[in-house]
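Descriptive structure summary
Listed below are the residues making up each chain.
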Amino acid sequence: MKLIKLGPQQKEWLIRLLRIALALGIAVLLSQFNLDYLESWTYDLRMQSKRPTPPSGHVVTVAIDPQTVEELKRDPNAMDHVRLLGRLAAARPRAVVYINPPNEIDGTFEEMKLFADSALQLNQFIVAANRLPIKGQEEQLKLDAPLDRLTVLPGPKTSDQKIFAKDDVTRRLIFSYHGAPSLHALIASSYNGLRYDDLHAMQDFRGIFDFLGTYQAFIDFRPSGTYRPVSFAQVLNGNFKAEDFRDKVVFVGADTVISSADYIRTPYSREVVAMSTLEMHANMTDTLILNSAPRKGPDWLDLLLTSLISILTVYVVLSVRPARGLLILMATMISFAVVAYVSFAGLGFWIGMAHPLLSIFICYYFFIPYRLIMENRRSWEYYQRNRLLTQVEELKSNFLRMMSHDLKTPLARIQGMADMVMADASQLSPSQKEALATINRSSEELSEFIGSILSLGRIESKEIKLQLHSRDVNTLLADVIKKSEYLAAKKGIKVIPEFEPLFSIKLDEDLIRQVFTNLIENAIKYSPENSKILVSTEEINGHIVIQVADQGIGIPDEELGHVFEKFYRSNEVKNSPVKGSGLGLYLSRYFVELHRGRISVESELGKGSTFTVELPMSLENSEVQSLSN
Ligand code: ADP
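Residues numbered from 1 in each chain as written. Predicted model: local features only at pLDDT ≥ 70, side-chain atom pairs only at ≥ 80, totals over all residues. Heavy atoms only, no water.

Topic: the overall build of the protein
The cut-off we apply is this: A run of DSSP states H or I qualifies as a helix once it reaches four residues; a run of E qualifies as a strand once it reaches two. Both are numbered from the N-terminal end. The reference for a compact globule is 2.2 Å times residues^0.38; the radius of gyration itself is calculated from the C-alpha atoms. Here, residues are in contact when the closest pair of their heavy atoms is within 4.5 Å. Using a 1.4 Å probe, accessible areas were evaluated by the Shrake-Rupley method; residue-level cover was limited to the displayed protein chains. None of His or the chain ends enter the tally, which takes Lys and Arg as positive and Asp and Glu as negative. To locate a charge, the coordinates of NZ of Lys, CZ of Arg, CG of Asp or CD of Glu are taken.
When you go through the protein residue by residue, the secondary structure sums to 19 helices and 21 strands. For a compact globule of 629 residues, the expected C-alpha radius of gyration is about 25 Å, and the protein comes in at 49 Å, more than 25% above that figure. Considered along the principal axes of its C-alpha atoms, the protein spans approximately 160 × 75 × 40 Å. Across the protein, the fraction of contacts at a sequence separation of at least 24, relative to all contacts at a separation of at least 6, is 76%. Roughly 34700 Å² of accessible area belongs to the protein as shown, and the carbon and sulfur atoms make up 57% of that amount. Of the side-chain charges in the protein, 69 are positive and 73 negative, and the distance between the mean point of each set is 5 Å.

As C-alpha cells, this is what we get:
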C-alpha cells in the first residue's frame, strides 16, 4: 500500500478538519439527548422576564370564591346557578363556559332540569370536559339527563406530568383532537375568524404543533392575578355592569383554595396553587384569540446552533490563551442568551437554549485535557532545548575564560619586552620606534579586551563581591581623566571637569573606575576631533550624579535601548575603524547596579550623547551582599 505523504500545511488542515468533525460529532450526539427539563427551565425564565401580552378583553371569569361560600353559607346549589345564568343572560355574553362539571351541583332532578333550561337560554353554553374523548366515542362526554342537552367540549388541563419537562407545570393547550376543536379553539375562532377545521387553514394559528394525535400550542401566559374574577355572589346580587359581560366569553368555576384540582402550576410559579384553573382557561383562550402562542424553532435550527457553538468552543479551547478563551466563551454564552431572550420577548420565537449551552460545557471539558497534554509536551521540549542551550552557554564561557587567562601571561611578556626595547630606543630608526609603539598600543587593547572577557566570566559565575571603601568620586574621576589625557590629546579633544564638592561615599574602587574609564574613553572614541567632553558631578536627593556629555556621533533612537546589552555595538560603529567589544556598557551597568545605582543615556544622532550614572550615597555592606548573590 502506498502512503500519501502530507506536507506541514496539509497536516494542519487535516487536524483542523478533524477538530471540526469532532465538534460536529459532539453536537449531533448531544442533540440525541432529551433535555426537555433544562429547556423548559430556560423557557420559563424567558416567559417570566418578558413583558406579558395584554389580555384581549374578551374573556371574563366568575369565581365561586370564599366570599360566595361565606354569603350562602354553603356551595351554590342548582337554584343559585339558575339565578346566576338568569343574571348573565340579561347581560348577553357571547358564551358561558362551566369548567366544573354541572352534574356535581347540588339539586333535585327538577331543579337540574331548570338549570339546563336556563343554560340553553344563553347565546352559547359550553361545559368544559377535563379530558379528551376516545376517537369515535365522542358521545362519552355527554352528561346524563336532564343535562344531556348541554354542549360538552374538551378543554383539558395539560400539565407536563409524564411528557416534556415532567415537572407538572402547565405550558400547553389542546387546539384540536381528531379534527374536533377544543372549546378554546372554537371560542377564539368566533372572535378572530381564523379557521380550526381545516388542516391547512389551521396553520394561520401561530405555533400549532402535532403531538400524539392532537394539535397543540404553547400558552402565552400572563402572571396570576391578571384576570380578576368577579365573585359568583356579586353576580347573584346583580352587583355588576351589563357591559362587563356583553359579548364576552364568561368562564365560571371554583377558586376557593379548597381543592388542588382547581389549580395549576405555571412557568411563573411551581406552587400547587400557582394559578386557578379559571385563569388558566382565560390564558388559553386569549392566547388563541390574540394568536400569540410562542413558536418553537425547528430541530434543524437547534442542531445548527449547537454545531456552530461547539466548533467555536473547540477552536477557543485549543487555540486561544486560557483567560481570553474563558472570556470569549462567557461572552458567547451571554450573547446567545440575549439573542434567545430578545427573539422570545420580541417575536415570540423560542430558540432552544439547552443543547447549545450544554455543548459549550461538554466541548470545554472534553478538549481541555487534550490541550493540557499538548502544552505539557511542548513545555517538555522547551525544557530540553533550554537545558542544552544552558550547557552550551556554560561551555562557551568556560572556554573563553580559560583562553583569556592563558593569553594574559604571553601578552604581559610581549608588553614587557616592548617596554624594555623602548627604554633603550636610541639606536632604533623612526619606523622601528613607530612599530614598537604599535605593538604597545595593540597589546594594551588586547589586554583591555581580555580584562572585559574575564569580568564577564566573573559576572556570569556570580563571583564578583564588592569591596567597599570610602572614596571621593571627584578624585577618582580626575584620576581617570588624567589617564585618558593622552588618548584625548591625540584627537585634540578637551575633557572639561565640572565638579561640585562631594562627601566621600562607599564604593568598590576598581569597578567604579572601570565604569568611569569606559564612559570617558567611549566619549573620546565616538567624538570627532577638536570637540569637547564635559564631565560633571553633583549631589541630588541622596545620590551622586555623574554625567559624561560629548559632542560625538550620537546613538539612533531605536538603538538607545540596546547599548547596555552584552556584545551590542551600534550599526554605525560596527563598520567603522573604531575598535570595541560591545562589553563596556554591559559591564558598566552591571557594576553600577551592584552599587544599587542606575545608569542611563540620552542622545541625539549627530549631536552627541550624555551618559548619567547615579550612585546612592549611603550603601550598607548588608544591602550589597544580597545584591551580589
Ligand atoms: P564598545 O566597546 O563598542 O564601545 P560599549 O559597550 O562601550 O562597547 O558601547 C556599546 C555601543 O554603544 C558602542 O558600540 C557604540 O555604538 C555605542 N556608544 C557607547 N558610547 C557612545 C558614545 N559616547 N557616543 C556614541 N555611541 C556610543
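So much for the structure itself; the text now carries on.
Re the site of the ligand
To be explicit about the condition: Any residue with a heavy atom positioned within 4 Å of a molecule or strand is treated as near that molecule or strand. Polar contacts here mean pairs of N or O atoms no more than 3.5 Å apart (in protein, one a potential hydrogen donor and the other a potential acceptor; neighbouring residues in sequence count only if both atoms are side-chain atoms).
Within the structure, the ligand sits among 22 residues, and Asn522, Tyr526, Asp550, Arg569 and Leu585 are positioned closest to it. Contact distances for the ligand include 2.9 Å between an oxygen atom and a backbone N or O atom of Ser581. Contact distances for the ligand include 3.2 Å between an oxygen atom and a backbone N or O atom of Gly582. When residues of the shell around the ligand are assigned to their parent elements, the largest contribution, 4 residues, is made by helix α15 (residues 509-525).

Overview of the sheet that holds strand β19 (residues 543-550)
Cut-off, in case you're wondering: Between any two strands, pairing holds if DSSP finds at least two bridges. Fitted lines through C-alpha atoms give the axes, limited to the stretch in contact for helices. The angle between two N-to-C directions lies from 0 to 180 degrees.
Taken in spatial order, the 5 strands line up as β16-β18-β19-β21-β20 in an open sheet, and their pairing is mixed. Edge positions in the sheet fall to β16 (494-499) and β20 (598-604), since each of these pairs with one other strand and no more. Averaged over all pairs of adjacent strands, the angle between strand axes in this sheet comes to 15°, irrespective of strand direction. Both β19 and strand β21 (residues 608-616) contribute to a ladder of 7 bridges, which runs antiparallel. Bridge pairing links Ile546 to Val613 in β21. In this fold helix α13 (residues 473-483) packs onto β16, β18 (532-540) and β19, with an angle of close to 175° to the strand it touches most, β16.

Notes on the domain arrangement of the protein
Basically, it comes down to this: Each domain span listed reflects an automatic or database assignment of domains. The quantity reported as buried area is the accessible area (1.4 Å probe) lost by two parts once they are put together, taken as the sum for both. In what follows, salt bridge is the name for a side-chain nitrogen of Lys or Arg lying within 4 Å of a carboxyl oxygen of Asp or Glu. Throughout, the ten residues Ala, Val, Leu, Ile, Met, Phe, Trp, Tyr, Cys and Pro are labelled nonpolar, Asp, Glu, Lys and Arg are labelled charged, and all others, Gly among them, are labelled polar.
Looking at the protein, the domain boundaries give domain 1 (1-52 + 296-429), domain 2 (54-291) and domain 3 (465-628). Each of domain 1 and domain 2 has a C-alpha centre, and these two points are 60 Å apart. With 14 residues of domain 1 at the interface, the matching set in domain 2 holds 15 residues. Between domain 1 and domain 2 the total buried area reaches about 1300 Å² when both faces are included, carbon and sulfur atoms providing 53% of it. Between the two partners, domain 1 and domain 2, sit 3 salt bridges. At the boundary of domain 1 and domain 2, one finds 6 residue pairs in polar contact (both at pLDDT 80 or more). For the side of domain 1 that touches domain 2, the secondary structure elements donating two or more residues are α2 (36-49) and β14 (349-350). The element that contributes the greatest number of residues to the side of domain 1 that touches domain 2 is α2, accounting for 8 residues. The residue makeup of the side of domain 1 that touches domain 2, split by class, is 8 nonpolar, 3 polar and 3 charged.

Some points on α15
This is how it is decided: How far a helix is expected to stretch is found by multiplying one less than its residue total by 1.5 Å. Buried residues are those whose accessible area, probed at 1.4 Å on protein chains only, stays under 20% of the maximum for their type, while exposed residues exceed 50% and partly exposed ones sit between those limits.
Look at α15: 23 Å from first C-alpha to last across 17 residues, which is about the 24 Å you get at 1.5 Å a residue. Taken as a whole, α15 has its buried residues at Leu511, Ile512, Val515, Phe516, Asn518, Leu519, Ile520, Asn522, Ala523 and Ile524. Where α15 begins, the capping side chain belongs to Asp508, and its oxygen is found 3.2 Å from the backbone nitrogen of Asp510.

Re the nonpolar core
Selection criterion: To define a nonpolar core, start from buried Ala, Val, Leu, Ile, Met, Phe, Trp, Tyr and Cys residues and group those joined through side-chain atoms within 4.5 Å.
Val473 and Phe516 are the most contacted members of the largest nonpolar core, which totals 47 residues. For this core, the leading source of residues is α15, giving 8 residues. Here Val473 is in contact with Leu502, Ile505, Leu507, Phe516, Thr537, Ile544 and Ile546, once residues within four sequence places are set aside. The next biggest cluster of nonpolar side chains, apart from the first, holds 39 residues, and it includes Phe221, Tyr227, Phe251 and Met280.

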